[in-house]
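# Chain and residue survey
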Amino acid sequence: FPSSFIHIKECTIVNSGPNEIVVPKDDPMVQEISDVLREWNTIWKRLYADGKRQQFQELAQIMKELLDRRRQIMSRTLPRDELRELKQKVAARIDYGNRFAGLDMIPREESGEVINPKTSGVMKLFKSMRNMSQNAESSSSTQSTPHIPGQVKISRAGLPPTAPKKEEHHLFLKFSALALPVNEPCDLLFFL
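This is a predicted model, so every value here is computed, not measured. (Residues numbered from 1 in each chain as written. Predicted model: local features only at pLDDT ≥ 70, side-chain atom pairs only at ≥ 80, totals over all residues. Heavy atoms only, no water.)

Turning next to the pairing of strand β1 (residues 11-14). Here β1 pairs with strand β2 (residues 21-24) via four bridges, running antiparallel. In the sheet register, Ile13 faces β2, and the bridge partner there is Val22. (Pairing = 2+ DSSP bridges. Helix = DSSP H or I, 4+ residues; strand = E, 2+ residues; numbered from the N terminus.)

Another point: helix α2 (residues 53-75). With 23 residues, α2 should reach 33 Å at 1.5 Å per residue; the first-to-last C-alpha distance of 33 Å fits that figure. Looking at α2, one finds that the buried residues are Phe56, Glu58, Leu59, Ala60, Ile62, Met63, Glu65, Leu66, Arg69 and Ile73. Buried-residue contacts for α2 involve α1 (28-49) and α3 (80-101). (Expected span 1.5 Å × (residues − 1). Buried < 20%, exposed > 50% of the residue type's maximum accessible area, 1.4 Å probe, protein only. Contact = heavy atoms within 4.5 Å.)

Membership of the largest hydrophobic core comes to 19 residues, with the highest contact counts inside it found for Ile33, Trp40, Leu66, Ile73 and Val90. When contributions to this core are tallied by element, the ones reaching two or more residues are α1, α2 and α3. No other element matches α1, which puts eight residues into this core. Ignoring any residue separated from it by four or fewer positions in sequence, one finds Leu66 in contact with Ile33, Val36, Leu37, Trp40, Val90, Arg93 and Ile94. (Core = buried A, V, L, I, M, F, W, Y, C linked by side-chain atoms within 4.5 Å.)

All right, on to the environment of Met129 then. Considering the arrangement of structural elements, one finds Met129 in helix α4 (residues 122-142). Sequence separation of Met129 and Ile106 is 23 residues, and the distance between their C-alpha atoms is 7.9 Å. Contacts of Met129, omitting those with residues within four sequence positions, involve Met105, Ile106 and Pro107.

Moving on, we come to the packing of α2 against α3. Packing of α2 against α3 leaves a shortest axis separation of 11 Å and a crossing angle of 155°. As judged from the angle between their axes, α2 and α3 are roughly antiparallel. The way α2 lies across α3 gives a crossing that is left-handed. Residue-level inspection shows Gln55, Glu58, Leu59, Ile62, Glu65, Leu66, Arg69, Gln72 and Ile73 of α2 in contact with α3, the latter providing Leu83, Leu86, Lys87, Lys89, Val90, Arg93, Ile94, Tyr96, Gly97 and Phe100. (Axes fitted to C-alpha atoms, helices over the stretch in contact; angles between N-to-C directions. Parallel < 35°, antiparallel > 145°, perpendicular 65-115°, else oblique. Left-handed = near helix turned anticlockwise from the far one by under 90°.)

Mapped onto the fold, Met63 is located in helix α2. You can call Met63 buried: its relative accessible area is 11%. Sequence-wise, Met63 and Trp44 are 19 residues apart; in three dimensions their C-alpha atoms are separated by 9.4 Å. Once residues lying within four places of it in the same chain are set aside, the contact partners of Met63 are Leu37, Trp40, Asn41 and Trp44.

A few words now on the confidence of the model for the protein. In low-pLDDT regions, the fine details of the predicted coordinates are not to be read closely. Chain-level pLDDT for the protein is 80 on average; 83% of the residues reach the 70-or-more range. Taken element by element, the protein is modelled with least confidence in α4, mean pLDDT 75, and with most confidence in α2, mean pLDDT 93. Under a pLDDT of 50 for its full length, residues 143-160 has, in the predicted model, 20 contacts with residues more than four places off or in other chains. (pLDDT = per-residue confidence, 0-100.)

What follows covers the packing of aromatic side chains. All told, the structure shown has two aromatic pairs when counted by the stated rule. Ring geometry for Trp44 and Phe56: centres 5.0 Å apart, planes at 10°, overall stacked. Residue Trp44 is found in helix α1, and its partner Phe56 is found in helix α2; the two are separated by 12 residues along the sequence. Judged by its relative accessible area of 26%, Trp44 is partly exposed. Taken together, the ring pairs in this structure connect Trp44, Tyr48 and Phe56 into an aromatic cluster. (Phe/Tyr/Trp six-rings, centres within 6.5 Å; stacked < 30°, edge-to-face > 60°.)

Now the structure itself:
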């Protein structure tokens with residue numbers, strides 16, 4: 001390869017040796033966009049092979065938009081407030097693309113950063129997913145985003161009204177240990 005095509009990126013090496021893992025020091029959002037585009041690429045090819053032209057074009061439009069925004073983030077020329085807004089828009093676009101492709105939703109902070117399930121609590125993950133699903137329902141019913149050529153508009157006009165949602169309450173208990181003889185029967189009760 002010519003030297004103009006090779007760029008050395010900063011990285012950290014985890015587990016040096018025969019099973020080393022190289023982790024780039026890029027912005028986490030840049031890394032997420034790269035991962036999402038790799039995952040969507042197979043779906044994009046399958047849409048083409050199945051002859052689903054409209055979905056193929058819409059996914060292509062979303063992928064081009066993410067590539068452009070990735071380029072903007074990597075340029076490091078944006079002020080912090082514009083960069084924060086751009087990351088929020090990218091996170092929203094990734095979530096829309098995942099819903100469009102039928103993939104899992106990713107729990108996120110309000111800023112658009114991915115929540116780490118290893119360091120976050122169960123309730124934080126639950127609240128994040130609930131907020132994301134409510135935002136997805138409201139955005140699909142109102143469709144306040146401008147129409148992009150090739151974009152599918154979702155309308156609830158011909159659908160029956162949904163039943164009112166019941167308020168759910170959850171209780172998370174963590175019971176770590178109980179020391180009893182092995183053959184002894186035991187009843188464990190929790191009260192509020």
